[in-house]
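One-letter residues, chain by chain:
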Amino acid sequence: MTSLTDLEISLLTNAAALPNGSLLPMQGLTDLSDVPSAIDHLIELGLAAAFPVRAKADAYRVDGRKKLGATITAEGRATLSTLSQPTVAAAGKPTKAAQVVDLLARDAGATIAELTAATGWLPHTTRAALCGLRKKGHAIVTGKRDDVTCYSIGQAA
């Protein structure tokens, strides 16, 4: 599978949470400069599809009077679910903190984007949770996967 940037994963996560599946508008997105190229990349991969929109806020591209929006595809939803599949505890639905620990315990660990997709947290909240796990005695190890910082969990200190 092609690796996705944090922005691309955030766009897909946002779209998957909306009833219409639109990638935009996206709450908390302040730097819009990389959005058009990120959405174009998702469209090239078949994870999103372009469609005409009326509102400028829903558009990622405006060309004269033509405004294009984008929506997540079934393949995009499937890809997103593979990124955010936590292992389910036998005792029932795990807490978000348990999901984070499960994702960190995978052989490949987890990126911030994968953790935010699984929990619905913002990146700064996710990083705070990692700090909390460190305070509880877990060894959080950082590494790189496809030039993206990846976190994994070691044995309790």
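Preceding block: the structure.
Nothing here was measured: the structure is a model prediction, and the numbers come from that model. (Residues numbered from 1 in each chain as written. Predicted model: local features only at pLDDT ≥ 70, side-chain atom pairs only at ≥ 80, totals over all residues. Heavy atoms only, no water.)

Chemist: Whenever I open this one, the overall build of the protein chain confuses me. Can you help?
Modeler: A tally of regular secondary structure across the protein chain gives 6 helices and 6 strands. Sequence-ordered secondary structure for the protein chain, helices as α and strands as β, is α-α-β-β-β-α-α-β-α-α-β-β. Relative to its 157 residues, the protein chain shows a buried fraction of 36%. For the protein chain, the accessible surface area stands at approximately 9,100 Å², while carbon and sulfur atoms represent 55% of it. (Helix = DSSP H or I, 4+ residues; strand = E, 2+ residues; numbered from the N terminus. Buried < 20%, exposed > 50% of the residue type's maximum accessible area, 1.4 Å probe, protein only. Areas by Shrake-Rupley, 256 points an atom, 1.4 Å probe, with all protein chains shown as cover.)

Chemist: Sorry if this is basic, but what is going on with the sheet that holds strand E1 (residues 48-52) here?
Modeler: Whenever strands of a sheet pair, they do so through backbone hydrogen bonds, lying parallel or antiparallel. Overall, antiparallel pairing links the 3 strands, which are arranged E1-E3-E2 in an open sheet. This sheet does not close on itself; its edge strands, each paired only once, are E1 and strand E2 (61-63). Sheet twist, expressed as the average angle between the axes of neighbouring strands with direction ignored, equals 30°. Contacts from helix H2 (residues 35-44) reach E1, E2 and strand E3 (66-72), with the element oriented near 115° to E1. (Pairing = 2+ DSSP bridges. Axes fitted to C-alpha atoms, helices over the stretch in contact; angles between N-to-C directions. Contact = heavy atoms within 4.5 Å.)

Chemist: Even after reading the chapter, I still don't get the pairing of E3, so can you show me in this structure?
Modeler: The two faces of a sheet get side chains in turn, since along a regular strand they alternate between them. Strand direction decides the pairing type here: E1 and E3, joined by 5 bridges, are antiparallel. Among the inter-strand pairings, alanine 50 is bridged to a residue of E3, identified as alanine 70. Summarising the sheet, E2 and E3 pair through 3 bridges and their orientation is antiparallel. Opposite aspartate 63, over in E3, you have lysine 66 as the bridge partner. In this antiparallel pair of consecutive strands, E2 and E3, the connection spans 2 residues, and glycine 64 shows a positive phi of 65°.

Chemist: Just checking my understanding: could you explain the side chain of threonine 116 for this structure?
Modeler: In this fold, threonine 116 is placed in helix H5 (residues 112-119). Every residue in contact with threonine 116, bar those within four places of it in the chain, is listed here: Trp121, Leu122, Pro123 and Thr126.

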